[in-house]
Amino acid sequence: MDTTGAPAEHDGAALAVARRAEPTPVGPRRRRALAWTLVLLVVLVLLAVGWVALRAWQAASALQDARAWLGDVELDAASVDAVTDDLDALRESTQRAAAASSDPVWRAAEGLPWAGDQLEAVRVVSTSLDAVVADSLPAATDLRALAGGGLRLPDGRFDVAALREVAARVETAAGTAADAHADVAALDPDALVEPLADPVRQVQDALARIDAGLGPAGSVAGILPGMLGGDGPRTYLVLALNTAELRPPGGIVGTVVAVRVDDGAVSLVDSRSTRDLPGLPAAVAPLTSEELDTWGPRLGRWIQNAVLTPDFPRAAELVAARWAHSVGGTVDGVVATDPVAVAGLVAATGSVADPDGGTLDADGLVDALLRDSYVRHPDPAAADDYFGAVAASLVASVGAGTGDSQALLLASRRAVDERRVRVWSAHPDEQERLAATVGGGAFTSSELFADQAGVFLADATQGKLGAYLSTDVTFRDARCTGPSPTVDVVLHLDFRPPDGVETWGPYVAGTPGPEVALGTLLTNVSVWSARDGAPLVVTRDGAPATGRVTTVAGRTVQEVASRLTPGQTQDLVVTVPLQDGAAQLWTTPTLTSPGAVSYRCE
């Protein structure tokens, strides 16, 4: 018996446990396998990094090829030929960029901290641009056909069948542009490396321009065939607004021309002056309490005053109701335009007949309509007839398909951009789309313009002295930072009628009222806040300006009086809030300034 330690079998068990606790020796073969695995992983990582770097270089190179085009891109009729030519080369560049930044390795690398944000920005920009260019090609081709007269048939009719095909492609292009704009706008350039940040900002600006250019076209393209009589005859009222007597959309209703459109053919069917549509004893349609408080029953009693409201859909409804009341028949829509827009159209269609003999060209049209006609025709009836005859002659020219189609398209676009053309449809589905565009003039009736303020002019002299009023709207003293950023809007008025205008009779000099000299121009300036916005602060020649205050559609309306004697100037300053560093202001289109201005902080 061993008395010096544990039993032998216990020693054996302990030895086995001890041996199991020791590290297992790694043989040469296993060490080599582990080393090769590590090397393989490093190689794969390096290959992935190299692959992404190569693809990044390819994408950056392709996007660099597109940068010059992006700086000047405008999808309009003026540059459509150059755009179409450039798009072929651009398409190849954007395809390369999109392919380089969309493979699985690239997408996996987007999960990396910091670097992934840079890679994601390149992919979003590349694929967005590629989608826009792919859909812009047919849209630009369609614009070329439109600009070249491809949508007008030899007899002057609009080719409604061709227009339906064009509309479908333009709608697709507009939707793609809107999606791409939203995706790229969501990127934060400040979070990107500087070599990438500036190109992203440039693409954001370019896609914003493309979206702004195609968006309105996409909104109305689908309804144009129906509006042009493709689904049955339509009757429209064309309002010739007289800027010599201002109203918020441009001027009083001078003449109403009824136009029939049937399968693309445009024809004149009736024309009425305001003498033919005299004031009614009561409003032609029920007015709201806000309308009565702001304008009284005159808004619905006289067709000239239907445009006292800056909301064109409401004005058009009242005009259509008046036509149905006094003339009869169905009205499918209303279009309004002013002499400046008419002059642009005459430049495209060619001279129109002068009712007094000879012809009128674009350069002399405004003077002939708003100034000379009142000298040659002191009788108001004769002056109205002259105005109406010129308006009817222009409608007939457009309907006959005369003039240069591209020039006509450009003139129409310029007039819409300057708010000199407004369109309303009696068909709800069409009106919904029109109201979403600036051409719809839906200042108070569309949610899209709820945060935009307005400054509008309405003549209070009851004459035609507005033909000698120059207006200018500018911005100054922007306060772009702080809790309540604002900018001052300056409305400059300059009244310079010819000597002796006060002797031209009340039809021109007006009836300014007692203790006001003939030849004095009285204007009501109405200042509209944004919807649910605070009343705007107004000064006149540096002093606080106040007047009657009402509310319309959630907007505060302040009416400020302006009085100008011949040769006098006046500045009205309105302080408006900035939204994201920008302000869009609606105003009255006059002979010297458009119906909208905008400001953006630098």
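The structure reproduced in this document is the subject of the present report. Since this is a predicted model, take the numbers as computed values, not measurements.

Quick look at the overall build of the chain
Logical step 1: The secondary structure content of the chain amounts to 17 helices and 18 strands.
Logical step 2: Expressed as a percentage of its 602 residues, the buried residues of the chain come to 48%.
Logical step 3: Put simply, of all contacts in the chain between residues at least 6 apart along the chain, 69% involve residues at least 24 apart.
Logical step 4: Taken as a whole, the chain presents about 27400 Å² of accessible surface, with 57% of it coming from carbon and sulfur.

With respect to the sheet that holds strand 12 (residues 537-540)
Logical step 1: Taken in spatial order, the five strands line up as 9-10-16-12-13 in an open sheet, and their pairing is antiparallel. Of all strands in the sheet, those with a lone pairing partner are strand 9 (469-479) and strand 13 (543-544), marking the two edges.

Some words on helix 15 (residues 405-417)
Logical step 1: Compared with an ideal rise of 1.5 Å per residue, which puts 13 residues at 18 Å, helix 15 spans 18 Å between its outermost C-alpha atoms and is within 8% of the ideal.
Logical step 2: Leu408, Ala411 and Ala415 are the residues of helix 15 that are buried. Buried residues in helix 15, looked at end-on, bunch into an arc of 65 degrees, giving them a common side.
Logical step 3: The elements touched by buried residues of helix 15 are helix 12 (339-349) and strand 7 (421-425).
Logical step 4: Phi turns positive one or two residues past the end of helix 15, at arginine 419, with a value near 65 degrees.

Here we look at the pairing of strand 3 (residues 265-273)
Logical step 1: For strand 2 (residues 252-262) and strand 3, the ladder comprises eight bridges, and the chain directions are antiparallel. Looking at strand 3, one finds that valine 261 is bridged to valine 266.

Focus on the packing of helix 12 against helix 13 (residues 362-376)
Logical step 1: Between helix 12 and helix 13, the shortest axis-to-axis distance is 8 Å and the interhelical angle comes to 145 degrees. Regarding helix 12 and helix 13, the two cross each other, and that crossing is right-handed. Counted together, Pro339, Val340, Val342, Ala343, Val346 and Ala347 of helix 12 and Ala362, Leu365, Val366, Leu369 and Leu370 of helix 13 form the full contact between these two elements.
Logical step 2: When its residues are assigned to classes, the contact of helix 12 with helix 13 shows eleven nonpolar, no polar and no charged.

Remarks on the sheet that holds strand 18 (residues 596-600)
Logical step 1: As summarised here, the arrangement of the six strands in space is 14-15-11-8-17-18, forming an open sheet in which the pairing is mixed. Whereas interior strands pair on both sides, the edge strands pair on one side only; in this sheet they are strand 14 (549-552) and strand 18. The mean angle between the axes of side-by-side strands here comes to 25 degrees, regardless of whether they run parallel or antiparallel.
Logical step 2: Pairing of strand 11 (residues 521-528) with strand 15 (residues 555-564), which is carried by eight bridges, proceeds in the antiparallel orientation. Across the sheet, valine 527 pairs through a bridge with glutamine 558, a residue of strand 15.

Regarding the packing of aromatic side chains
Logical step 1: Evaluated as defined, the whole model comprises nine aromatic pairs.
Logical step 2: Here the aromatic rings of phenylalanine 443 and phenylalanine 456 are separated by 5.2 Å at their centres, their planes lie at 75 degrees, and the arrangement is edge-to-face. Of the two residues, phenylalanine 443 is situated in the loop between helix 16 (428-434) and strand 8 (453-459) and phenylalanine 456 in strand 8; the sequence distance between them amounts to 13 residues. Neither residue differs from the other here; phenylalanine 443 and phenylalanine 456 are each classed as buried.
Logical step 3: Here the aromatic rings of tyrosine 468 and tryptophan 504 are separated by 6.5 Å at their centres, their planes lie at 65 degrees, and the arrangement is edge-to-face. Taken together, the positions of tyrosine 468 in the loop between strand 8 and strand 9 and tryptophan 504 in the loop between strand 10 (486-495) and helix 17 (506-509) put the pair 36 residues apart, joining distant regions of the chain.
Logical step 4: What makes tyrosine 468 buried here is its relative accessible area of 13%.
Logical step 5: We classify tryptophan 504 as partly exposed; its relative accessible area is 30%.
Logical step 6: Ring-pair connections join several aromatic residues into one group, and the members of that group are Trp295, Phe443, Phe449, Phe456, Trp528 and Trp586.
Logical step 7: Positioned above the aromatic ring of tryptophan 323, the side-chain terminus of arginine 272 is 5.9 Å from the ring centre.

Conventions we followed
- The numbering scheme is per chain: residues are counted from 1 as the chain's sequence reads.
- Restriction of local features to residues with pLDDT of at least 70 applies here, the model being predicted, together with a cutoff of 80 or more for giving and counting side-chain atom pairs; totals for whole chains, interfaces and linings are based on all residues.
- For the side-chain quantities, the full set of heavy atoms in the structure was used; hydrogens and water were omitted.
- A run of DSSP states H or I qualifies as a helix once it reaches four residues; a run of E qualifies as a strand once it reaches two. Both are numbered from the N-terminal end.
- Buried, partly exposed and exposed residues are distinguished by accessible area as a fraction of the type maximum, computed with a 1.4 Å probe on protein chains only: under 20%, between the cut-offs, and over 50%, respectively.
- We call two residues in contact when some of their heavy atoms are within 4.5 Å.
- Under the convention used here, a 1.4 Å probe and the Shrake-Rupley method define accessible areas, while residue burial counts only the protein chains that appear.
- In short, DSSP must find at least two bridges between two strands for them to pair.
- Here, expected helix span is obtained from the residue count minus one, scaled by 1.5 Å.
- When we speak of the arc, we mean the arc of directions from the helix axis to the C-beta atoms.
- Here the axes come from fitting lines to C-alpha atoms, over the contacting stretch only for helices, and the angles between their N-to-C directions go from 0 to 180 degrees.
- Crossing handedness: left-handed means the near helix sits turned counterclockwise from the far one by under a right angle, and right-handed means the same turn made clockwise.
- Asp, Glu, Lys and Arg are counted as charged, while Ala, Val, Leu, Ile, Met, Phe, Trp, Tyr, Cys and Pro are counted as nonpolar; the rest, among them Gly, fall into the polar class.
- In this analysis, rings of Phe, Tyr and Trp, with Trp reduced to its six-membered ring, are considered paired at centre separations within 6.5 Å, and the interplanar angle assigns stacked below 30 degrees, edge-to-face beyond 60, and tilted for intermediate values.
- Think of it as a cone above the ring: NZ of Lys or CZ of Arg counts as a charge over the ring if it is within 6 Å of the ring centre and within 35 degrees of the ring normal.

Read these as spatial facts, not as claims about activity.
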